[in-house]
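# Commentary on secondary and tertiary structure
Residues per chain are reported as follows:
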Amino acid sequence: MSRLVSGVAVVCARRGDGRPSGLLVSSVCSYSADPPSVLVALARTSRTCREITAEPDAYFGVHLLARSHAALARTFAGSSRDKFADVLWDWDGTVPRLAGVPVYAKCRAGAVIPHGDHVIVVGEVVGCAVAEDDPLVYFRRRLDWSLGG
């Protein structure tokens, strides 16, 4: 599967203690146009997965990254206790929202489907913001690929 080209996203949620939580995912896609929905696959062991699946109708954010966000992607791919320490962000209601990303979708957790070591979450989009930028592309376990010339 390392040969499958994908975009990457940071998925964020509010922890039970009120602090932000987030992780990098490469398994994210559009799911439905009516209602507008996205599908994300989250590792069961991640704190962010636990927060999103802990209660029905939890809210979370999906941030599609631009090519210029490789360092941000590495931050959220890591295991730091405070991934938000050096990141520009703010609250969108109860959802941590990263600043400067080209696509942000605020979602309400709908279907939650456990399978293997991951959980598939279908998020119904309740708000979004879109700006033009070149996407960050993940291919062959690297984040430095470029689309086109």
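Here, every reference points to the structure presented above.
Throughout what follows, the structure given in this document is the object of discussion. (Residues numbered from 1 in each chain as written. Predicted model: local features only at pLDDT ≥ 70, side-chain atom pairs only at ≥ 80, totals over all residues. Heavy atoms only, no water.)

### Brief notes about helix α2 (residues 70–77)
- Restricting attention to buried positions, one finds in α2 the residues A70, L72, A73 and F76. The arc that holds the buried residues of α2, viewed along the axis, is 160°, so those residues lie on one side. (Buried < 20%, exposed > 50% of the residue type's maximum accessible area, 1.4 Å probe, protein only. Helix = DSSP H or I, 4+ residues; strand = E, 2+ residues; numbered from the N terminus. Arc of directions from axis to C-beta.)

### Regarding the side chain of R15
- By the secondary structure assignment, R15 is in the loop between β2 (9–14) and β3 (20–25).
- Side chain to side chain, R15 and D17 meet in a polar contact 2.6 Å long.
- When sequence neighbours within four positions are dropped, the list of residues in contact with R15 reads P20, S21, R47, E51 and R81. (Polar contact = N/O pair within 3.5 Å; in protein donor to acceptor, adjacent residues only side chain to side chain. Contact = heavy atoms within 4.5 Å.)

### Considering the side chain of H63
- You can see H63 is positioned in strand β6 (residues 59–64).
- In contact with H63, other than residues within four places in its own chain, are V8, A9, V10, C12, P96, R97, L98, V101, V103 and Y104.

### Brief notes about the sheet that holds strand β10 (residues 118–130)
- Reading across the sheet, the seven strands line up as β3-β2-β6-β9-β10-β5-β4 and stay open at both edges, with antiparallel pairing between neighbours. Bordering the open sheet on either side are β3 and β4 (28–33), each of which pairs with just one other strand. The sheet shows a mean angle of 35° between the axes of neighbouring strands, taken without regard to direction.
- As defined by bridge partners, strand β5 (residues 36–43) adjoins β10 across seven bridges and the pair is classed as antiparallel. Across the sheet, the residue bridging to L42 is V119, located in β10. (Pairing = 2+ DSSP bridges. Axes fitted to C-alpha atoms, helices over the stretch in contact; angles between N-to-C directions.)

Everything listed here is a matter of geometry and, on its own, says nothing about what the molecule does.
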